[in-house]
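Here are the chains, one letter per residue:
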Amino acid sequence: MMRARHRVVVAAVLLVTAQVTACSTCQGLTPVSISTPTAPSWRQAAPASVPPPPAPFLAAVPAPTFPGTMALGIPGRTGLAGSPRILSGELTHTLDGFLVRYGGGRTAVSVRDLTTGRRYRYHRALQLPMASISKVSILTALLLDTRWRELGDQARSDARHMIRFGDDGAADRLYERIGLEPGLASANRRLGLKRTYTPGGQCVTQNCWGTTQSTAEDQVRLVQALATGRSPLAPAERRRVLGLMERVTPGQKWGISAGACENDQVSLKNGWLRHASNGRWVVVSAGLIRGHGHDYAVAVLTEDSPSMSAGIAKVEGVAAHVMKAFRGEPGCEPDAN
């Protein structure tokens, strides 16, 4: 059962700030800063007027080099009593049917139960823009080389504002501090993110970090590096990043939180940007859901939504469906799992 505060309706007209950024090598993607969007309920039906995505975008979806979906366990892990087996085919069919309501487009999902090792992937190899999710990577890259207590006051302030409030200017400054694209790429290699790429070259403004391309699977690996001891990050730094993600401003707590139960602890970061070429939206969400004896690393990435509100509804609906499958019955009841 989703918390009521995550079932609010996005305003029909989004307030777009004047800060619009571009990158000379970013293939027509324009990150957009929007003032504290809130999320609609995923149960709300998509408007009848929502058109399907343009055919060229659908045709451009790369064919996965791996099976599009699968559910596997990690050897050596013992599942908790009551943890249901993930039926990959059934869950994929459910997601396919749900996404038809939103005109298709691109969607990639990865969920890993860090407690039992169960996992599920939907369009495993699909790479999509990360928008502000990249800010988690920027902070992680910074803390790989410099402990939080050793950062100056300005850097710590920038980190707080970047993660909690989505401050693009703070992200620009920290991105420059880690060495721009080469520094982020180096950190990604250390974290085992093999299919995550940030465009290089000269940017019109610094925040080309917003057009980083990644897979849902890589974003789950990043969350796992923040949540477990199998990480190059020190424990104190992992707790710091997750703590900031847990305290994002209330207007940005939509996304994968739609799959959380009432008393779960959710640490997340959301992102959104708009295609300069056709005005369609990328809306993405990734993070950690802790509760009922499980830690779930979750990433839901979408592209080609006709509006930001439709993108949020898509992300939240997918998160709710997938987490329902992971919890089984009785779901969010106190005695579940």
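S.K.: Tell me what's going on with the packing of aromatic side chains, and back it up with residues and numbers.
M.R.: Taken as a whole and judged by the stated rule, the model has 2 aromatic pairs. Residues W254 and W272 carry aromatic rings whose centres are separated by 5.8 Å and whose planes lie at 50 degrees to one another, so their mutual orientation is tilted. Remark: W272 occurs in strand β8 (residues 265–275) and W254 occurs in the loop between α8 (235–246) and β8; sequence separation between them is 18 residues. The same class applies to W254 and to W272, which are both buried. Judged by centre distance (5.9 Å) and plane angle (85 degrees), the rings of Y296 and F326 are edge-to-face. Taken together, the residues span a long stretch of sequence, with Y296 in strand β10 (residues 294–305) and F326 in helix α9 (residues 308–327) at a distance of 30 residues. Here Y296 and F326 have matching classes, each one buried.

S.K.: I'd like a description of the state of the cysteines, backed by residues and values.
M.R.: Disulfides are covalent bonds that connect the sulfur atoms of two cysteines. Tallying each qualifying case throughout the model produces 1 disulfide. Residue pairing for C261: its cysteine sulfur links by disulfide to C332, the two sulfurs lying 2.0 Å apart. Measuring handedness by torsion sign, the sulfur bridge of C261 and C332 sits at about -80 degrees and is left-handed. Here the residue C261 occupies a position in the loop between α8 and β8, and C332 occupies one in the segment after α9, the gap between them amounting to 71 residues. For C332, a relative accessible area of 24% translates into the label partly exposed.

S.K.: Residue-level account of the nonpolar core, with values.
M.R.: Counting residues in each nonpolar core, the largest one holds 50 residues, and the members touching the most others are I138, L139, M162 and L301. Once you skip the residues sitting within four places of it in the chain, L139 turns out to touch A159, M162, I163, V241 and L244. Counting 33 residues, the second largest nonpolar core, distinct from the first, contains L91, F98, V300 and A310.

S.K.: So, the pattern of salt bridges: which residues are in play, and what are the values?
M.R.: For the coordinates displayed, the defined rule picks out 12 salt bridges. Across the pair R106 and E303 runs a salt bridge whose closest N-O atoms are separated by 3.3 Å. Here R106, found in strand β4 (residues 106–113), pairs with E303, found in strand β10; they are 197 residues apart in sequence, far enough to count as distant. Accessibility expressed as a relative area gives 12% for R106, which makes it buried.

Analysis parameters
Residues numbered from 1 in each chain as written. Predicted model: local features only at pLDDT ≥ 70, side-chain atom pairs only at ≥ 80, totals over all residues. Heavy atoms only, no water. Phe/Tyr/Trp six-rings, centres within 6.5 Å; stacked < 30°, edge-to-face > 60°. Helix = DSSP H or I, 4+ residues; strand = E, 2+ residues; numbered from the N terminus. Buried < 20%, exposed > 50% of the residue type's maximum accessible area, 1.4 Å probe, protein only. Disulfide = S-S within 2.5 Å. Core = buried A, V, L, I, M, F, W, Y, C linked by side-chain atoms within 4.5 Å. Contact = heavy atoms within 4.5 Å. Salt bridge = Lys/Arg side-chain N within 4 Å of Asp/Glu carboxyl O.

Keep in mind that these numbers describe shape and distance, not what the molecule does.
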